[in-house]
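# Notes for the structure review
Here are the chains, one letter per residue:
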Amino acid sequence: SLAPAFRAYWEQHGGLAVYGYPISEAFTELSPTDGQRYTVQYFERNRLELHPELPPAFRVSLGLLGVDLLRSRGWAR
């Protein structure tokens, strides 16, 4: 299922063709990028993050999965 916070973004930015199906429910996660807690939902091809501190047009952002992977392997800082 799609969390309400992410549904509009998913539908307006390519939906199934771009992001694939949701593979998790929305939950709170500690961001490896900046160390803050965000509501996130994982999809087959990306992670959507809710940033309530940002203006409405930017509240849903894409996760930096590539950066996270490289850092976890020690290949990037």
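Below you will find a few notes about this structure.

## Re the overall build of the protein chain
On a plain count of helices and strands, the protein chain comes out with three helices and four strands. Written out in order from the N terminus, the α and β elements of the protein chain read α-α-β-β-β-β-α. Whereas a compact globule of 77 residues would reach a radius of gyration of roughly 11 Å, the protein chain reaches 13 Å, a difference of no more than 12%. Projected onto its principal axes, the C-alpha coordinates of the protein chain cover approximately 35 × 25 × 20 Å. For the protein chain, the residues scored as buried account for 31% of the 77 residues in total. Sequence-distant contacts in the protein chain: of pairs separated by 6 or more residues, those separated by 24 or more amount to 29%. Just so you have it, the protein chain exposes about 5100 Å², and 59% of that area is on carbon and sulfur atoms. Measuring between centres, the 8 positive side-chain charges of the protein chain sit 6 Å from its 8 negative side-chain charges.

## Examining the pairing of strand β2 (residues 37–43)
Across the seven residues of β2, five count as buried, placing the element largely inside the fold. The pairing of strand β1 (residues 27–30) with β2 spans four bridges and is antiparallel. When the bridges of β2 are listed, Leu-30 appears paired with Arg-37. Following β1, the chain reverses through six residues before pairing antiparallel with β2; Gly-35 in that reversal takes a positive phi of roughly 75°. As defined by bridge partners, β2 adjoins strand β3 (residues 46–50) across five bridges and the pair is classed as antiparallel. By the bridge assignment for β3, Phe-43 is matched with Asn-46. In this structure, the hairpin formed by β2 and β3 is closed by a connection of two residues.

## Concerning helix α1 (residues 4–12)
Along α1, the residues classified as buried are Phe-6, Tyr-9 and Trp-10. With its buried residues spanning 100° around the axis, α1 presents them on a single face. In α1, the exposed residues that point more than 90 degrees away from the buried face are Pro-4 and Gln-12. Positive backbone phi, approximately 115°, marks Gly-14, located one or two places after α1.

So, how was this worked out
Residues numbered from 1 in each chain as written. Predicted model: local features only at pLDDT ≥ 70, side-chain atom pairs only at ≥ 80, totals over all residues. Heavy atoms only, no water. Helix = DSSP H or I, 4+ residues; strand = E, 2+ residues; numbered from the N terminus. Rg over C-alpha atoms; globule rule 2.2 N^0.38 Å. Buried < 20%, exposed > 50% of the residue type's maximum accessible area, 1.4 Å probe, protein only. Contact = heavy atoms within 4.5 Å. Areas by Shrake-Rupley, 256 points an atom, 1.4 Å probe, with all protein chains shown as cover. Lys, Arg positive; Asp, Glu negative; His and termini not counted. Charge placed at Lys NZ, Arg CZ, Asp CG, Glu CD. Pairing = 2+ DSSP bridges. Arc of directions from axis to C-beta.

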